[in-house]
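Chain and residue survey
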Amino acid sequence: MGTDTEKNPVIGGIGLEKTFKDFWGRKKVAALKNVDITVKDGSVFGLLGPNGAGKSTLIKLILGHLYPTRGRLSVLGKSPRDVSIKQRIGYLPERSYLYANLTAAETLSYFGAILDLSKDQIASRSAQLLEMVGLETVRNRRIGEFSHGMTRRMGLAQALLNDPELLILDEPTAGLDPVGCREVKDLIVTLGKRGKTILLTSHLLADVEDVCDEILLLYGGTVQSCGSVTDLLQDHEKTCLEFPKVSEQALASAMNILTEEIPRDSVSVSSPSESLEAHFLKVVAKSNAENRETAGARMGKGVAEYLQDNDYETRYHTDPAAAAETAAVTNRIDPNSKLSELTRDAKAKHENLTGDQTETPDHEALQYLVEPGPEPSAITTHEEGIRKNVLDKLADDGEN
Amino acid sequence: MRKILVIARLTFLLALRNGMVWGTLGLTAGTAVFIFFASTGDNVLLNELKLRIHYSYALSYSLLTLIVISISCFTVRSQIDARQIHLLTALPISRRDIWIGKWLGLTLIAALAECVLIVVIFLSSSVYCRSYSAEEAKIAKDNFLFARYENKPVTVAIEEKISERIETLVRETDLARNEVNEKIWNSIEQQVRREHQLVPTNGGKSWHFKIKRAPREGEKVDLEFRFYAENRRTPIQGTWTLSAPGKVEAFTADFSALPYEFNTIRIPAEQIPASGEFDLRFNGKDNPEVIFGIKTGVRIYQTDVTLLVNIIKAFCAQLIHLSVTAAVGLTAGVAFTFSVASFFSIVLYLLSLSSGFFAGVANELTHRFSFDLMDRIGIGIINFGIWLTKGLDPPDIIASLSSGISIPIHQLLLQWGPGIFIYGVVVALLGICLLTRKELDKILI
Ligand SMILES: Nc1ncnc2c1ncn2[C@@H]1O[C@H](COP(=O)(O)OP(=O)(O)O)[C@@H](O)[C@H]1O
Ligand SMILES: [Mg+2]
């Protein structure tokens, strides 16, 4: 079975290219360039990339809505345009393509009929699905009257109606409230555990990090990195220590011991994981810096100047620390933006953990560092024994 | 098949919800009622009804055709543009079935509108009858409740007669065949056409009939005739004689009738031979030159079917036409943007309304004696144009229906049917092919 799935992945694409042409056949946009993708049976596969990277285009190729300009693609062992495989696929598009004039219940009943479900099946599945996505009270309301988040939930219910083997979700959490996001993630994990194959795209990197086994990162239509999440996020050039809170002296001496006294092989060594967020931003910033071609959105140049309030200007100019910090992450991102906060956090977290900091670490940051982190699993090493050794050593020194 | 029906139901429901169905029904019915009561005639109920039904039916049906083209274009185009078709194509249903389902749904809407149209027109008629006397109403009822079948005389094609004449000419004079030029041809043609219609002074003329079926006992069989003469006000007298081989005693009827008017003579059913084949001869008494028109000169009417059957025939023929119209709209909607598609199909439809004109031009050209290359190319182009638009040509039934004449459905299906059938199939295949091969993200083909 194992070799079987490797030979016949659920989705297998080699050298995929997609060029959009205009009416006269002139090349307009190269949305995908030489993309290889392999989605194994039972995996939760994340497709990442900034806006316009070609994620939705790739999904449309997989669904047979678009045809590749070059390359080969097989889905569930057949051509993407084969109608028979559609019975086993569920699809949530990036925007709602549902009929605004149908009610939630009608939508499910029509789609169920096309999916060849019996009347009883449609009735029981609709009830369960609407309850699951929290729309059972509005089942007789027209979808055109739904809020954006509600239509997303409805789309999800529609995608799951045939209990698909392969679930394709184009930005499933976009527009959902935090509870909805959590529920969708739980759902993906549950389905993943049931052995379903899930292909999803998302901008919400934390979501992807939480649920995906494997990811493929696109930028400008080319694959930037690809592989299992743990492999990708492990930074092999840095070292990470993890221990409970100790006194400053202890820490200092531990540093001494570590750097001078302890033989290299007895120190617990592990590769720390960077957050997916940091990884993503790094790849995008790098591609951007290299001026790689993209048909999609480039990194924003910050808030338009005329929109920036005076407050911001003074703060920016009088607080060199803030300015420097922002510049250190990227001199293009507005420090007030949410993205910038995220990157700052990620960067701080990342630098703290890896000891890459150039400034003297302040106490607060240290506290955060030594406390059992909110995501201890992300920085735990595999070699428990070695780690214990170091910690013991530290503890001894602290008492002395 | 089940899935096709689901799509058809879905198409219908969506059109109902977004008001397209109500719009279609309202517009066609409204137009029908408006035109029915807005037209005026000669105040004789029967004639008024014929005229009003004809006008309101013809106009509102044309409008219905245009609406069907537009809504077909619109439904498919809007679903491609709003990408709702993406969700459908992500389901296990082929694009061919989606096309057929949509087409069925649209045909259903057209059928509904057609029903409403007919009901509205006949309701209007019965309302209109109330303002007339009971006798007039009875005459009108008698005319409409049973549709009469119209038998035309058997005629020889004009071209055949012309060739015959030329053969004789060549045989009997010293004119060589290659000397027969356009001028001679034209004059012979004129002569033949004239002879075909003319009854000379103090003369007579025969028509051969082969009627649809021998009438049952007591059934009404009417001879209707109309002729033209120089003096409109002088009645002309004469005799009609019905004879058939093997018939012992010929049936005769004397008459006195005014030119330009329709005259009816009832023929007893038992006088018609069982074969339904007989000769009818006109003999004038001191008559001047008289002309019997080709179209309305001499006709034999016999009772055929009830009004309902006639309406059902009309409905079926028009439904075929509307379904092909829907297919044209659907295919155009798949192929082009909405504006281009509606423009394209409406132009096609308008051309089809005038395809009679083009057919006439082609006919004129082919009736000429000799052709050069340019003529042939011209005829080819016109014929192609006629073919292109002919499929959208509505069946020619409204005139019959509005004057209580039975629709010759066999004849119609033989003459008009094959063209529209082939057209429908070609258009449907084109549409299905386009939808199947097309990338769903693109705006144009
Ligand atoms: N139908 C189309 N015609 C032309 N360009 C397109 C079309 N669809 C997508 N693109 C372009 O292809 C690129 C990739 O788009 P998309 O796959 O939707 O990005 P995303 O990764 O945000 O989902 C974008 O630059 C977009 O403008
Ligand atoms: Mg997208």
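Residues numbered from 1 in each chain as written. Chains lettered and ligands numbered in written order. Predicted model: local features only at pLDDT ≥ 70, side-chain atom pairs only at ≥ 80, totals over all residues. Heavy atoms only, no water.

A short note on the overall build of chain B
Stated precisely, the cut-off is as follows: Helix numbers and strand numbers start at the N terminus; a helix is a DSSP run of H or I with at least 4 residues, a strand a run of E with at least 2. Exposure classes here rest on a 1.4 Å probe applied to the protein chains alone. A residue is buried below 20% of its type maximum, exposed above 50%, and partly exposed in between. Two residues form a contact once any of their heavy atoms are found within 4.5 Å. Only the protein chains shown count as cover for residues, with accessible areas throughout obtained via the Shrake-Rupley method and a probe of 1.4 Å.
Helix and strand content of chain B: 15 helices and 10 strands. Oriented by its inertia axes, the alpha-carbon framework of chain B measures out at about 80 × 65 × 40 Å. When burial is assessed residue by residue, chain B has 49% of its 445 residues classed as buried. A separation of at least 24 residues holds for 82% of the contacts in chain B among residues at least 6 apart in sequence. Counting every atom, chain B has about 21900 Å² of accessible surface; 62% of that belongs to carbon and sulfur.

Considerations on the domain arrangement of chain B
In many analyses, interface size is given as the accessible surface area lost on bringing the parts together. Residue and element names in this part refer to chain B. Counted only if it meets this: Residue ranges labeled as domains rest on an automatic or database domain assignment. A simple way to read buried area is as the amount of 1.4 Å-probe accessible surface that goes missing from two parts once joined, with both sides added. Throughout this description, a polar contact denotes any pair of N or O atoms lying within 3.5 Å of each other; where both atoms belong to protein, one of them has to be capable of donating a hydrogen while the other can accept it, and for residues adjacent in sequence the pair is counted only when both atoms sit in side chains.
Split by domain assignment, chain B resolves into domain 1 (2-148 + 314-437) and domain 2 (151-305). Domain 1 puts 10 residues into the contact, and the matching count from domain 2 is 13 residues. Buried area between domain 1 and domain 2, both sides added, is near 1100 Å², and the carbon and sulfur share of it is 54%. Summed over the shared surface of domain 1 and domain 2, the number is 3 residue pairs in polar contact (both at pLDDT 80 or more). For the side of domain 1 that touches domain 2, the element with the most residues is strand β1 (residues 146-151), which contributes 3 residues.

Brief notes about the pattern of salt bridges
All names here are of chain A. Selection criterion: Definition used for salt bridges: Asp or Glu carboxyl oxygen within 4 Å of a side-chain nitrogen of Lys or Arg.
Applying the stated criterion to the full structure yields 20 salt bridges over all chains. Ionic pairing is found between Glu214 and Lys40, a salt bridge with its closest N-O pair at 3.3 Å. Of this pair, Glu214 sits in strand β8 (residues 214-219) while Lys40 sits in the loop between β2 (27-39) and β3 (44-48); the two residues are 174 residues apart in sequence, bridging distant segments of the chain. Classification of Lys40 as partly exposed rests on a relative accessible area of 35%.

Quick notes on the coordination of the magnesium ion (ligand 2)
Residue and element names in this part refer to chain A. Threshold: For Na, K and Ca the donor cutoff is 3.2 Å, while for all other metals N, O and S atoms must lie within 2.8 Å; water is not among the atoms, so some sites may look incomplete.
Protein ligation of the magnesium ion (ligand 2) involves Ser56 (OG) and Glu94 (OE), the donor distances falling in the range 2.1 to 2.5 Å. Taken together, the residues Ser56 in helix α2 (residues 55-63) and Glu94 in the loop between β5 (89-92) and α3 (104-114) connect sequence positions 38 residues apart. For Ser56, a relative accessible area of 13% puts it in the buried group.

Notes on the confidence of the model for chain A
A low pLDDT score tells you not to read the predicted coordinates there in detail. Residue and element names in this part refer to chain A. Stated precisely, the cut-off is as follows: Per-residue confidence from the predictor is reported as pLDDT, a score between 0 and 100.
A residue-level look at chain A finds 62% of positions with pLDDT of 70 or above and a mean pLDDT of 72. When pLDDT is averaged over each element of chain A, α3 comes out on top at 93 and helix α14 (residues 363-370) at the bottom at 33. Scored below 50 in pLDDT, residues 1-5 shows 2 contacts in the model against residues more than four places distant or in partner chains. Taken together, the stretch residues 312-318 has pLDDT below 50 and engages in 7 contacts with residues farther than four places along the chain or on a different chain.

Let's talk about the interface of chain A and chain B
In this complex, chain A contributes 32 residues to the contact, which on the side of chain B involves 31 residues. Carbon and sulfur atoms make up 61% of the area that chain A and chain B hide from each other, which totals about 3100 Å². Put simply, Lys3(B) and Asp116(A) hold a salt bridge, and the shortest N to O gap is 3.8 Å. Taken together, chain A and chain B are joined by 11 residue pairs in polar contact (both at pLDDT 80 or more). Elements that contribute at least two residues to the side of chain A that touches chain B include exactly α2 and α3 of chain A. With 5 residues, α3(A) is the largest single contributor of residues to the side of chain A that touches chain B.

Some points on the state of the cysteines
Residues and elements named next belong to chain A. Applied cut-off: Sulfur atoms of two cysteines make up a disulfide when they are within 2.5 Å.
According to the stated counting rule, one finds 0 disulfides over all chains in the structure shown. Here Cys181 is not cross-linked by a disulfide; its sulfur's nearest cysteine counterpart is in Cys212, at 14 Å. Overall, the relative accessible area of 12% leaves Cys181 in the buried class.

As for the packing of α3(A) against helix α1 (residues 2-17) of chain B
Helix-helix packing is characterised by the crossing angle of the two axes and by the distance between the axes. Cut-off, in case you're wondering: Axis definition: a line fitted to C-alpha atoms, over the contacting stretch in the case of helices. Angles run 0 to 180 degrees between N-to-C directions. Working definition: roughly parallel below 35 degrees, roughly antiparallel above 145 degrees, roughly perpendicular at 65 to 115 degrees, and oblique for all remaining angles. Crossings are sorted by hand: turned counterclockwise from the far helix by less than a right angle, the near helix makes the crossing left-handed, and turned clockwise it makes it right-handed.
Two numbers describe how α3(A) lies on α1(B): the axes approach to 9 Å, and their chain directions differ by 155°. The angle between the axes of α3(A) and α1(B) places the two elements in the roughly antiparallel class. As for how α3(A) packs across α1(B), the hand of that crossing is left-handed. On α1(B), the residues that touch Glu106(A), Tyr110(A), Ala113(A) and Ile114(A) of α3(A) are Arg2(B), Lys3(B), Val6(B), Ile7(B), Arg9(B), Leu10(B), Leu13(B) and Arg17(B).

Some details on the packing of aromatic side chains
Geometrically, a pair of aromatic rings is defined through the distance of the ring centres and the angle of the planes. Residue and element names in this part refer to chain B. What counts, and what does not: Ring pairs shown here join Phe, Tyr and Trp side chains whose ring centres sit within 6.5 Å, with only the six-membered ring taken for Trp; geometry is labelled stacked below 30 degrees between planes, edge-to-face above 60, and tilted in between.
Counted under the stated rule, the structure contains 18 aromatic pairs over all chains. Geometrically, the ring pair formed by Trp240 and Phe255 is tilted, given 6.4 Å between the ring centres and 35° between the ring planes. Here Phe255 lies in strand β6 (residues 251-257) and Trp240 lies in strand β5 (residues 236-243), a separation of 15 residues in the sequence. Judged by its relative accessible area of 10%, Phe255 is buried. An angle of 55° between the planes, with centres 5.3 Å apart, marks the rings of Phe336 and Phe344 as tilted. For Phe336, a relative accessible area of 21% puts it in the partly exposed group. On the basis of relative accessible area, Phe344 is assigned to the partly exposed category, the value being 38%.

Here we look at the side chain of Lys185(A)
Residues and elements named next belong to chain A. Positionally, Lys185 belongs in helix α6 (residues 178-193). Exposure remark for Lys185: the relative accessible area of 9% places this residue in the buried category. Apart from residues no more than four positions distant in its own chain, Lys185 is found in contact with Asp207, Asp210 and Val211.

Some remarks on α6(A)
Side chains of residues three or four places apart in an α-helix project in the same direction, reflecting 3.6 residues per turn. Residues and elements named next belong to chain A. So the rule is basically this: Each helix should span, by expectation, one fewer than its residue count multiplied by 1.5 Å. Regarding the arc, it is the one traced by the directions from the helix axis to the C-beta atoms.
Between the first and last C-alpha of α6 there are 22 Å, a value that for 16 residues agrees with the 22 Å anticipated at 1.5 Å per step. Buried residues of α6: Gly180, Cys181, Val184, Lys185, Leu187, Ile188, Leu191 and Gly192, and no others. Taken around the axis of α6, the buried residues stretch over an arc of 155°, which confines them to a single face. Opposite the buried face of α6, by more than 90 degrees, sit the exposed residues Pro178, Val179 and Lys193. Residues of α6 that are buried in the fold lie against β3, α4 (119-132), α5 (148-159), β6 (166-170), β7 (197-201) and α7 (205-211). Phi turns positive, to about 90°, at Gly195, one or two residues after α6.

Some points on the nonpolar core
To be explicit about the condition: To qualify as a nonpolar core, a set must consist of buried Ala, Val, Leu, Ile, Met, Phe, Trp, Tyr and Cys residues joined through side-chain atoms within 4.5 Å.
With 161 residues, the main nonpolar core has Ile11(A), Ile37(A), Leu58(A), Val75(A), Met154(A), Ile168(A) and Leu200(A) as its most contacted residues. Per-element tally for this core: the top contributor is helix α5 (residues 95-129) of chain B, with 14 residues. Discounting chain neighbours no more than four positions away, the residues touching Leu200(A) are Val44(A), Phe45(A), Gly46(A), Leu47(A), Leu169(A), Pro172(A), Ile188(A), Val208(A), Val211(A) and Cys212(A). Counting residues in each nonpolar core, the second largest holds 27 residues, with Ile211(B), Trp240(B), Ala257(B) and Phe292(B) among its members.

Looking at the environment of Phe37(B)
Residue and element names in this part refer to chain B. By the secondary structure assignment, Phe37 is in helix α2 (residues 20-38). Looking at Phe37, the relative accessible area reads 39%, which means it is partly exposed. Distance from Phe37 to Tyr128, taken between C-alpha atoms, is 8.3 Å for residues 91 residues apart in sequence. Excluding anything up to four places from it in sequence, Phe37 contacts Arg52, Ser124, Val127 and Tyr128.

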